Structure formats: C-alpha cells, structure tokens
Amino acid sequence: MNALGSAGAQITRGEWANDLPKGEFEARSRALLNRARRTDSHVLFTSYTPGTTPVSPHFAWGQTYENDVVIDWLFDQSR
C-alpha cells in the first residue's frame, strides 16, 4: 500500500474487527466503498483488529470473501 501511495494512487483505508456479525461487517465495507467512490479511489485496504480473526490471522480472507459488498466491488473492476 505504501508503494501504491508513493506512486500516486488514492488509497481508501479502513480497520475493524474481523469477527463482526455479517451485517455490520458488510455495512462497514459499504461505508468504505462509498468513501472510496467519493474520492475516486480504486484501491481499498482493510486491516483487521489484531486478535479478531478466528483460528489464525491467515484466515482473514474467509470473512472478506463471504462479504457480498467486496465481491460486488471486485467484479465491478476492469482495466
């Protein structure tokens, strides 16, 4: 993210617990996406509060890919 920022990319960052209920997780993701759209940012970066990813921090992708907001955003991207 630092390299992208240094290269001039507009980065929208968010942080929250990775063990939130699905509805709240998606609401926070939607708010992050809306903020990105207002600033014409195409790079979203979310970090999760340490200790909130069940089992192992490696599994942070699980909650992320179950997030309908993220999936919709991902498939809206094009070159």
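The rules behind the values
Residues numbered from 1 in each chain as written. Predicted model: local features only at pLDDT ≥ 70, side-chain atom pairs only at ≥ 80, totals over all residues. Heavy atoms only, no water. Pairing = 2+ DSSP bridges. Helix = DSSP H or I, 4+ residues; strand = E, 2+ residues; numbered from the N terminus. Right-handed = clockwise from strand over helix to strand, strands pointing away. Polar contact = N/O pair within 3.5 Å; in protein donor to acceptor, adjacent residues only side chain to side chain. Contact = heavy atoms within 4.5 Å. Axes fitted to C-alpha atoms, helices over the stretch in contact; angles between N-to-C directions. Nonpolar A, V, L, I, M, F, W, Y, C, P; charged D, E, K, R; others polar. Core = buried A, V, L, I, M, F, W, Y, C linked by side-chain atoms within 4.5 Å. Buried < 20%, exposed > 50% of the residue type's maximum accessible area, 1.4 Å probe, protein only.

(A) The arrangement of the pairing of strand β2 (residues 43-48) in detail. Inspection of the sheet shows strand β1 (residues 11-16) paired to β2 by six bridges, in the parallel sense. The residue of β2 that forms the bridge with Thr12 is Leu44. With helix α2 (residues 22-38) bridging β1 and the parallel β2, this β-α-β connection has right-handed handedness.

(B) Here's a closer look at the side chain of Thr53. Within the secondary structure layout, Thr53 lies in the loop between β2 and α3 (60-65). Engagement of the side chain of Thr53 in a polar contact is seen with the side chain of Asn18, the distance being 3.0 Å. The residues touching Thr53, leaving out its near neighbours within four places in the chain, are Asn18, Tyr48, Phe59 and Ala60.

(C) Broad picture of the packing of α2 against helix α4 (residues 68-76). Relative to each other, α2 and α4 sit at 35 degrees, their axes nearing to 8 Å. Residues Lys22, Glu26, Ser29, Arg30, Leu33 and Arg37 of α2 pack against Asp68, Val69, Val70, Trp73 and Asp76 of α4. Across the contact of α2 with α4, the residue classes tally to four nonpolar, one polar and six charged.

(D) Highlighting the nonpolar core. Within the largest apolar cluster, seven residues are counted, these being Trp16, Ala17, Leu20, Phe25, Leu32, Tyr48 and Ala60. Setting aside residues no more than four positions away along its own chain, Ala60 makes contact with Asn18, Tyr48 and Thr53.

(E) Summary view of the side chain of Asn18. Structurally, Asn18 is set in the loop between β1 and α2. Discounting residues that sit within four places of it in the chain, Asn18 has contacts with Phe25, Tyr48, Thr52, Thr53, Pro54, Phe59, Ala60 and Gln63.

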